[in-house]
Amino acid sequence: IPMAHQTYNAWQNNLTRRFSNGLFLTLNYTLSRTEGINAGNSDNGLRFYVPSQFSKNNAVADFDRTHSFTGAATYELPFGKGKKFATSGAAAQILGGWQINPTFQIYSGLPFIVTADGASLNAPANTQVADRVGEPVKRGGVGLGNPFYETAAFRPITEARFGNMGLNELRGPRYFIANLGLFRAFTFTERINMQFRAEALNFTNTPTLNNPNANVASPANFMAITGAAQTQRTIRFGLRLAF
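Conventions we followed
Residues numbered from 1 in each chain as written. Predicted model: local features only at pLDDT ≥ 70, side-chain atom pairs only at ≥ 80, totals over all residues. Heavy atoms only, no water. Helix = DSSP H or I, 4+ residues; strand = E, 2+ residues; numbered from the N terminus. Buried < 20%, exposed > 50% of the residue type's maximum accessible area, 1.4 Å probe, protein only. Contact = heavy atoms within 4.5 Å. Phe/Tyr/Trp six-rings, centres within 6.5 Å; stacked < 30°, edge-to-face > 60°. Lys NZ or Arg CZ within 6 Å of the ring centre and 35° of its normal. pLDDT = per-residue confidence, 0-100. Pairing = 2+ DSSP bridges. Core = buried A, V, L, I, M, F, W, Y, C linked by side-chain atoms within 4.5 Å.

*Asks:* Any chance you could explain the overall build of the protein chain here in plain terms?
*Replies:* A count of helices and strands for the protein chain gives 1 helix and 12 strands. The order of helices and strands in the protein chain, counted from the N terminus, is β-β-β-β-α-β-β-β-β-β-β-β-β. Sorting the 243 residues of the protein chain into buried and exposed places 34% on the buried side. In the protein chain, once contacts between residues fewer than 6 apart in sequence are set aside, the share between residues at least 24 apart is 65%.

So this is what it looks like as structure tokens:
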């Protein structure tokens with residue numbers, strides 16, 4: 001039986017423009033917070049078992065994202081038969097039937113734990129956290145020698161005690177991805193039509209950065225972001241025949 005719990009509270013909004021004059025648009029925003037006794041998963045073990053530190057298990061969940069903003073649209077270009085412009089002739093044949101389909105997602109960064117070497121603590125199965133000795137100024141750097149947070153705000157532990165930080169006090173880089181589709185419909189008869197599709201996934205080629213390395217006992221890469229998810233831009237094409 002799970003020994004922990006998690007709670008989720010959110011304020012959710014949706015704005016939708018129903019399809020009209022060739023345009024459909026929907027936007028969604030969520031302000032939320034997920035927290036609980038175990039910041040990871042309620043079926044897993046705790047991070048702190050020592051009674052004096054047990055209250056620190058209550059923290060923001062590892063997967064919590066404070067802000068979530070997404071959107072999608074479909075827009076039929078105003079050219080071709082039945083549209084405002086280029087309603088006949090060669091222009092209608094070339095420009096008619098096109099539509100664009102953009103989508104995007106923007107999320108707050110994921111929280112992470114600033115850890116320290118637990119050798120001096122001598123408490124197996126417990127998480128050792130760093131000491132915070134100053135304000136963790138966010139610098140937003142990427143790569144070695146360019147930390148995401150100011151490193152001087154944290155200190156390793158060399159005594160038989162826990163650090164003063166809690167779980168998931170800091171957040172990594174935000175998540176942004178945008179996709180774009182370009183479709184063209186061809187009508188051959190009343191019952192036969194074809195659709196050409198060109199899609200660019202992550203068409204801005206924005207990297208999805210990992211959280212920084214957060215072990216204060218590793219000064220060479222502490223607070224440096226040295227990895228990213230495999231979300232590079234992908235372009236694909238397709239044909240769909242309906243009859």
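*Asks:* Which parts of the structure should I look at to understand the packing of aromatic side chains?
*Replies:* Any aromatic ring pair is given by two values, namely how distant the centres are and how the planes are angled relative to each other. Scanning the entire structure with this criterion turns up 10 aromatic pairs. Relative to F104, the ring of F69 lies with its centre 5.2 Å away and its plane at 70°, an arrangement referred to as edge-to-face. Of the two residues, F69 is situated in strand β4 (residues 67–76) and F104 in strand β5 (residues 98–107); the sequence distance between them amounts to 35 residues. A relative accessible area of 32% places F69 in the partly exposed class. Taking 6.4 Å as the distance between ring centres and 20° as the angle between the ring planes, the aromatic pair formed by F196 and F237 counts as stacked. Residue F196 is found in strand β11 (residues 193–201), and its partner F237 is found in strand β12 (residues 234–242); the two are separated by 41 residues along the sequence. Feature note: the residues W98, F196 and F237 constitute an aromatic cluster, connected by ring pairs. In this structure, R197 is placed above the aromatic ring of F183, and the distance from its NZ or CZ to the ring centre is 5.1 Å.

*Asks:* I would appreciate a short explanation of the environment of Y175 in the present structure.
*Replies:* Mapped onto the fold, Y175 is located in strand β10 (residues 175–187). Of the residues examined, Y175 reaches a relative accessible area of 18% and is grouped as buried. Put simply, Y175 and I106 are 69 residues apart on the chain and 5.6 Å apart in space, counted from C-alpha to C-alpha. Residues in contact with Y175, not counting those within four places in the same chain, are R65, Q105, I106, Y107 and T208.

*Asks:* I'm lost on the confidence of the model for the protein chain in this one. Help?
*Replies:* When pLDDT is low, close inspection of the predicted coordinates is not appropriate. Overall, the predicted model of the protein chain reaches an average pLDDT of 91, with 95% of residues at or above 70. Ranking the elements of the protein chain by mean pLDDT puts helix α1 (residues 89–95) last, at 78, and strand β9 (residues 170–171) first, at 97.

*Asks:* Even after reading the chapter, I still don't get the pairing of β5, so can you show me in this structure?
*Replies:* Side-chain direction in a regular strand flips from residue to residue, so the side chains alternate between the two faces of the sheet. Note that β4 and β5 share 7 bridges and pair antiparallel. The residue of β5 that forms the bridge with E76 is Q99. By the bridge criterion, 10 bridges tie β5 to β10 in an arrangement that is antiparallel. Looking at the pairing, W98 lines up with R184 of β10.

*Asks:* Would you explain the nonpolar core in this entry?
*Replies:* One recurring pattern in soluble globular proteins is that nonpolar side chains are buried together. Residues F112, V114, Y149, F154, L170 and M223 are the most contacted members of the largest nonpolar core, which totals 24 residues. Dropping the residues within four chain positions of it, M223 is found in contact with F112, V114, P147, F148, Y149, T151, F154, L170, P212 and N213.

*Asks:* Would you explain the side chain of Q53 in this entry?
*Replies:* Looking at where Q53 falls in the secondary structure, it is placed in the loop between β2 (23–36) and β3 (59–60). In contact with Q53, other than residues within four places in its own chain, are F48 and F162.

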